[in-house]
Amino acid sequence: MLNRLTVLLRLVPCALLCLLCLPALAIDLDRPLAQLEHTSWTSRNGAPADINALAQDSDGWLWLGTSQGLYRFDGLRFEHVAPAAPQRFPDTDVYALHADADGGLWIGWRLGGISHYRQGVVRNWAAKDGVTAGSIWGFAADAAGTWAAGIEGLNHFDGQRWRRVGAGRGFTARKASAVFVDADGAVSAFSEQGLFVQPAGATRFVKMPGKLDARQPFAQRRGPAARGAPVYILEQGGIRIIDSLERYERRSRPWIYRQKGEVTGSMLADRAGALWYDVEGAIHRSVAPGSAAAPPGAEHAPDTQSFTVAQGLSGTLVGAFLEDADGNVWVATDGGLDRFRQTNVVRLAEPFHESASLAPADGEGIIGVTEERNWRVHGDGTAIQLPGPPAVHVVAAPDGVLLAHRTMLSLRTADGRRTLRQVALPQDLGPVGRIHTATVAADGTIWIAIVGGGVQRYRDGRWERPAALPKAGRKTPMSLLADARGRMWFGYIDNEVAMLERDRVTTFGAAQGLRVGKVATLVDYGGAIFAAGSDGMSRLDGARFRPVAARPASALAGVAGAAGGPEGLWLHGAAGIVLLDAKALASGREFDARVFDDSDGLRGRIAILEAGGMRRAADGRIWAITGQGAFWLAPGGVRPEPVPRAAAVTGVEADGKAYGANAAVRLPPAPQRLVVRYAAPALSMPARLHYRYRLEGYDRDWQRAGAGIEAVYTGLPPGDYRFVVQAVNGAGVAGPVSLALPLHVAPTLVQTTWFRLACAVLLAAALWAIHRQRLRIHDRRLQALEHTRSEERNRIARELHDTLLQSVQGLILRFDAVTLQLPPGDPLRLSLDAALARAGTVVAEARDRVQDLRAPERKMLDLAPLLADEVAAVRKECDGECTFEVAGARRLVPAENADSCCRIVTEALRNACRHAQATCVTVLLAYEPGAVRITVSDDGKGIDADIQREGRPGHWGIAGMRERALGAGGVLDIVSAPGQGTTLTLAMPG
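Note that the coordinates shown come from a computational prediction; the quantities given were computed from them, not determined experimentally. (Residues numbered from 1 in each chain as written. Predicted model: local features only at pLDDT ≥ 70, side-chain atom pairs only at ≥ 80, totals over all residues. Heavy atoms only, no water.)

**So, the side chain of Q198**
(1) Moving on: Mapped onto the elements, Q198 comes out in strand 16 (residues 194-198).
(2) Moving on: Here R169 takes part through its side chain, which lies 3.1 Å from a polar atom of the side chain of Q198.
(3) Moving on: Only 3.3 Å separates the side chain of Q198 from the backbone oxygen of A202, close enough to count as a polar contact. (Helix = DSSP H or I, 4+ residues; strand = E, 2+ residues; numbered from the N terminus. Polar contact = N/O pair within 3.5 Å; in protein donor to acceptor, adjacent residues only side chain to side chain.)

See the structure below:
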């Protein structure tokens, strides 16, 4: 339910945008059928044959019902729609189509049954579901539901189910030939009994007087002007307007078409009020059917326009007409599909071709000349041949038009009919003897550019060559301009422009900023001089030309003609007909140009060497010549380019396997190549459409695809994505973003979360095993090291016991014997006794050390009394004062660490007494968490920095202290300076 709500919320703004941006257009009544763009699609273009029905859904797609099945058309491509089981259609022969307001499509089958199709979802109804048996011939819809006419009767769908309409609702006929809902909401159904009508708001049908049956439903104009519009009936006698539904059989109105041949039964009243119908291999259009009448003995009314197979209609039998949302009229035939479209550019195939030259005529239309004859042509295509010899060039003159013939010039009235005067051409016409272009200045001076013969002017009754021009006037210009200030301008093939003012010439080239290549066009517009040619366009700004920047840049390429107007400057070049907005052009900044090309009805392009191929007529129309005829464009009637419809995903393919695009797509693991196909319906200008897409969750920004209709992704990682696409028209206006298509790429085994968790667990276990192995290796190494140390300690203990201790003990015994020989009380004996006592203490300590070496088991000792004893022993040897203090809660420390502390402190005390000559030494033992800190401070003469760093030569006291501290895992720091005493700090674990 939440997903449906989300979809609806996304559809609402898109639908509103479409309603706002897609007004109900129609073909103008004053645009003849011959001036509409006709395009046909046959089997050569992929179109199906035998098209029986047409419909356009609310999303803009054109649907074709054929005997081979259902097709969808986006303006460029035909797609056969055949859903697979279990969503398949019951038949392939489509007889009737109707698009409902919800974007769905009703399908009537020739062999019976009704289907509804929307976004891949198919619902089928057969006789067992309440639908009449046999062929379904047509549909209609009103506020109460959908109606279906068929060979076995009339059906109604109320939104839930189909029911046959019978006598209970006033419809007593056995069949329903056609069903129609008029602008007032009345439902009409033809039958073998005649016409039945259910008035608007009623629930029962009423039989109308008469028995006339018709297979084609009534036709009535649709749109805002539908209410009160005439209703047309096509019967065996022809086509006429009925006075009312009650009097439908009375022939009180004249025939619009009087039948003489076979009527295939197709008719359309478009939104402008024109009536379209077909007869015997041709279609016809009556632009004023409400007042038209076929004269006696004639088939068609006088205003009827026709289009035949010989003119390009795709088939002889017409199956259906359709007017789409853009106002285009579509014709389905047995041979293909035809479209009639009103374009901004109107083509007149005759009588002009590429070498023609144009000039504005008086009033409406233009004067055009070719090498065969001269013409006055009107916008409706009427061409009147003018008298006189053919001309090669024509330009406007202050009092008419100037025609350049092979041997003379003729000045004629503005309608081209009457010659005012003639001027013989100069003798020197160069090697070709042909005038390329000409112009007439405001003072009446005639200027001509001769192919290969330079420039000449005619004034005061004679020809002359201006010597001040490049090459003394013998350089032939491509373009001429007489500006509003009386100056003459000349554009040359080598990117050079010359300006002649009072017989003084100023030239402009690349050094003056001109970069337009072959200067084929010069124009005075908005008080500025513009030069355009093969490579672009520039504007004169003071003494320099500056480039004009427009988007697209191709709009300014190959310009061979120009015409100004209040809306802007018109160009004719390689891109087609181009409008440069007047305000944007005056701003000097880059701007968007409006390009009119093949999508607007233009055919062919003008060559860069053709002069006079664009003019503005007196009625404001822009006229242009190409190799495929003459074209005109009415600036005030330009239709904007249609806003694109919402694009849709039409197919998904992963590694060659196709997936449906109407629901979330679940892809297998590790797709190597994912292709998403999409399209947007564009029934008027499909060639102008381009796309941008984004795979949300993968693409950071929109990906521009141009006219391509495929998005390709390779190596897509696992995860959830959403694909969206958007169509953009040639004017840069984007349509609604498509509904997002969810895509799920399944992970491979190694990409799943549980696999990654398992790998993480295994990795952690491996790391733990490696850690445990390293601990075991380290433990073995420690044990080996401990064994080595134990063996070494035992060896040292043996050596000390067997050598040093025995020798010292022998010395003590000898000194003791000597002492006994001295008399008691002798001072020397007392000194020897003291020394022997001290020696005994040393031997005892040595024995303890030997014992410690042989007993490696770890002991814990109280460090404080040990340090107190060391301080007391040194105090006896020192002349100064030695004090000992303890801070913190006392605890036991490892014996090895305690021994190292005692040895370091003893060494420090003796250094202070012997070398520093200290008078006061303080030892502080501080117990800290996890360590003990011992500070020895004295007021002696200090230690030199070199001695602190390297020790005294031949002495190893400081070095030994550092080594003891490092070996026990402690840190020794000595801070001293000459004359400032010494502070030794020892931090030891314990």
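**Some details on the packing of helix 6 (residues 895-914) against helix 8 (residues 957-967)**
(1) Moving on: Between helix 6 and helix 8, whose axes approach to 10 Å, the crossing angle comes to 160°. The angle between the axes of helix 6 and helix 8 places the two elements in the roughly antiparallel class. Note that helix 6 runs across helix 8; the crossing there is left-handed. From helix 6, D899, S900, R903, I904, E907, A908 and N911 reach across to helix 8, where they touch G957, M961, R964 and A965.
(2) Moving on: Here the residues of the contact of helix 6 with helix 8 are counted per class, giving four nonpolar, three polar and four charged. (Axes fitted to C-alpha atoms, helices over the stretch in contact; angles between N-to-C directions. Parallel < 35°, antiparallel > 145°, perpendicular 65-115°, else oblique. Left-handed = near helix turned anticlockwise from the far one by under 90°. Contact = heavy atoms within 4.5 Å. Nonpolar A, V, L, I, M, F, W, Y, C, P; charged D, E, K, R; others polar.)

**A few points about the pattern of salt bridges**
(1) Moving on: Taken as a whole and judged by the stated rule, the model has 47 salt bridges.
(2) Moving on: Residues R251 and E235 are paired through a salt bridge, measuring 2.5 Å at the closest nitrogen-oxygen approach. Of this pair, R251 sits in the loop between strand 20 (238-242) and strand 21 (255-258) while E235 sits in strand 19 (residues 231-235); the two residues are 16 residues apart in sequence, bridging distant segments of the chain.
(3) Moving on: Across the pair R465 and D428 runs a salt bridge, and its minimum N-O distance is 2.8 Å. In this pair, R465 is assigned in the loop between strand 41 (462-464) and strand 42 (479-482) and D428 in the loop between strand 37 (419-424) and strand 38 (435-440), connecting sequence segments 37 residues apart.
(4) Moving on: Each of the salt bridges in this network shares a partner with another, and the network as a whole consists of R457, R459, R462, E464 and D503. (Salt bridge = Lys/Arg side-chain N within 4 Å of Asp/Glu carboxyl O.)

**Digging into the packing of aromatic side chains**
(1) Moving on: Tallied over the entire structure, the rule returns 34 aromatic pairs.
(2) Moving on: Here W106 and W162 contribute two aromatic rings whose centre-to-centre distance is 5.2 Å and whose plane-to-plane angle is 85°, an arrangement assigned as edge-to-face. Of this pair, W106 sits in strand 7 (residues 105-109) while W162 is found in strand 13 (residues 162-165), placing the two residues 56 residues apart along the sequence. The same class applies to W106 as to W162, namely buried. (Phe/Tyr/Trp six-rings, centres within 6.5 Å; stacked < 30°, edge-to-face > 60°. Buried < 20%, exposed > 50% of the residue type's maximum accessible area, 1.4 Å probe, protein only.)

**Considering the UniProt feature "domain: Two component regulator three Y" (unreviewed entry) in the chain**
(1) Moving on: Per the UniProt annotation, the sites labelled "domain: Two component regulator three Y" (unreviewed entry) are residues 685-745.
(2) Moving on: For residues 685-745, the end-to-end C-alpha separation is 36 Å, with 0% helix and 51% strand making up the annotated structure. (UniProt positions renumbered as here; feature names shortened; annotations may be inferred.)

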